[in-house]
Amino acid sequence: MPLRIEIVSPEKRLVERDVDMAVLPGMEGDIAAMPERAPLMLQLRGGVVALYEGEQIVDRYFVGGGFADMGADHCIVLADSAQKLSELSADEARDRLRDLETQWAQIEPNDVDTHDRISREIQRVRAEIEAASGEGVI
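The structure displayed is predicted, hence computed values, not measured ones. (Residues numbered from 1 in each chain as written. Predicted model: local features only at pLDDT ≥ 70, side-chain atom pairs only at ≥ 80, totals over all residues. Heavy atoms only, no water.)

1. Some thoughts on the environment of Ala93
Put simply, the rule reads: Numbering goes from the N terminus for both helices and strands, where a helix is a DSSP run of H or I of at least four residues and a strand is a run of E of at least two. In this description, contact between two residues means that some pair of their heavy atoms is separated by no more than 4.5 Å.
In this structure, Ala93 sits in helix H1 (residues 90-105). A C-alpha to C-alpha distance of 16 Å links Ala93 and Arg45, two positions 48 residues apart in sequence. Once you skip the residues sitting within four places of it in the chain, Ala93 turns out to touch Val125, Glu128 and Ile129.

Spelled out as C-alpha cells, the structure:
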C-alpha cells in the first residue's frame, strides 16, 4: 500500500505522488512517514524531506519549517517554504546568513519578538546551507 505525499508551500504545490516512505525533519529529530502509520501532527524544522521507493531515495526537497499531517495512507507537508534540493544555492544562503547576523547584532536587548524571529530565520538558513552543501543530508 503506497503513501500519498503532498508538499505544499504558500507559493505552490511542489509535489503530489505515491511513495513507499518519506523521512521528514521534525523539531525533535527526523521521523518516517510510512503506510499504516498511526495519525500524527508534526512540527517541522528547516531541513530535507527525503522520498523513498523501496530502499532508494528518489527525491529530496528542502523545507524551511512548517507542519506535517501523517496518517495511514497520506502525509501532507504544509511548508513555510519548499524547493527541490537541487535548486538550493549555498552561496545565496550564506549571503542571507551574513545579512541576518548583521540584523542580529543590531537588535535591542528588550526586543524579544525580533530576537525570536531572526533566531528562527538564522536556524532555517543554516539548515539550508547544510542541505545545499550536502552536509548531513540523508
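Let's pick the thread back up.
2. Concerning the domain arrangement of the protein chain
Put simply, the rule is: Residue ranges for the domains trace back to a domain assignment, done automatically or taken from a database. A quick way to say it: buried area is the sum, across both parts, of accessible area lost when two parts are put together, with a 1.4 Å probe. Salt bridges are defined as contacts in which a side-chain nitrogen from Lys or Arg sits within 4 Å of a carboxyl oxygen from Asp or Glu. The nonpolar class holds Ala, Val, Leu, Ile, Met, Phe, Trp, Tyr, Cys and Pro. Asp, Glu, Lys and Arg form the charged class, and all remaining residues, Gly among them, are polar.
The domain boundaries assigned to the protein chain delineate domain 1 (3-86) and domain 2 (88-133). Contact with domain 1, which involves 10 residues of that partner, is made by five residues of domain 2. When the buried surface of domain 1 facing domain 2 is broken down by residue, Phe62, Gln83 and Leu85 rank first, second and third, together holding 63% of it. The interface formed by domain 1 and domain 2 holds zero salt bridges in total. Residue assignment for the side of domain 1 that touches domain 2 shows that the elements contributing at least two residues are strand E5 (40-53), strand E6 (56-70) and strand E8 (82-84). At three residues, E5 tops the list of elements feeding residues into the side of domain 1 that touches domain 2. When the residues that make up the side of domain 1 that touches domain 2 are grouped by side-chain class, the tally is three nonpolar, six polar and one charged.

3. Notes on the nonpolar core
Definition in use: The criterion is simple. A nonpolar core is a set of buried Ala, Val, Leu, Ile, Met, Phe, Trp, Tyr and Cys residues joined through side-chain atoms within 4.5 Å. Between buried and exposed lies partly exposed: a residue is buried under 20% and exposed over 50% of the maximum accessible area for its type, with that area taken using a 1.4 Å probe on protein chains only.
In terms of nonpolar packing, the biggest core is built from 20 residues, with Ile5, Ile7, Leu24, Leu51, Val63, Cys75 and Val77 touching the most fellow members. Residue assignment for this core shows that the elements contributing at least two residues are strand E1 (3-8), strand E2 (13-19), strand E3 (21-26), E5, E6 and strand E7 (74-79). If sequence neighbours within four positions are ignored, Val77 has contacts with Ile5, Glu6, Ile7, Val8, Leu24, Leu44, Val63, Phe67 and Ala68. Membership of the second largest hydrophobic core comes to eight residues, among which are Leu97, Leu100, Ile107 and Ile118.

4. Observations regarding unusual backbone geometry
Although it is not a glycine, Glu36 sits at a positive phi angle of roughly 70°. Of the residues examined, Glu36 reaches a relative accessible area of 64% and is grouped as exposed.

5. So, the UniProt feature "domain: ATP synthase F1 complex delta/epsilon subunit N-terminal" (unreviewed entry) in the protein chain
Keep this limit in mind: UniProt positions are given in the numbering used here, feature names are shortened, and annotations may be inferred rather than shown by experiment.
Per the UniProt annotation, the sites labelled "domain: ATP synthase F1 complex delta/epsilon subunit N-terminal" (unreviewed entry) are residues 3-82. A distance of 20 Å separates the end C-alpha atoms of residues 3-82, which is 0% helix and 75% strand.

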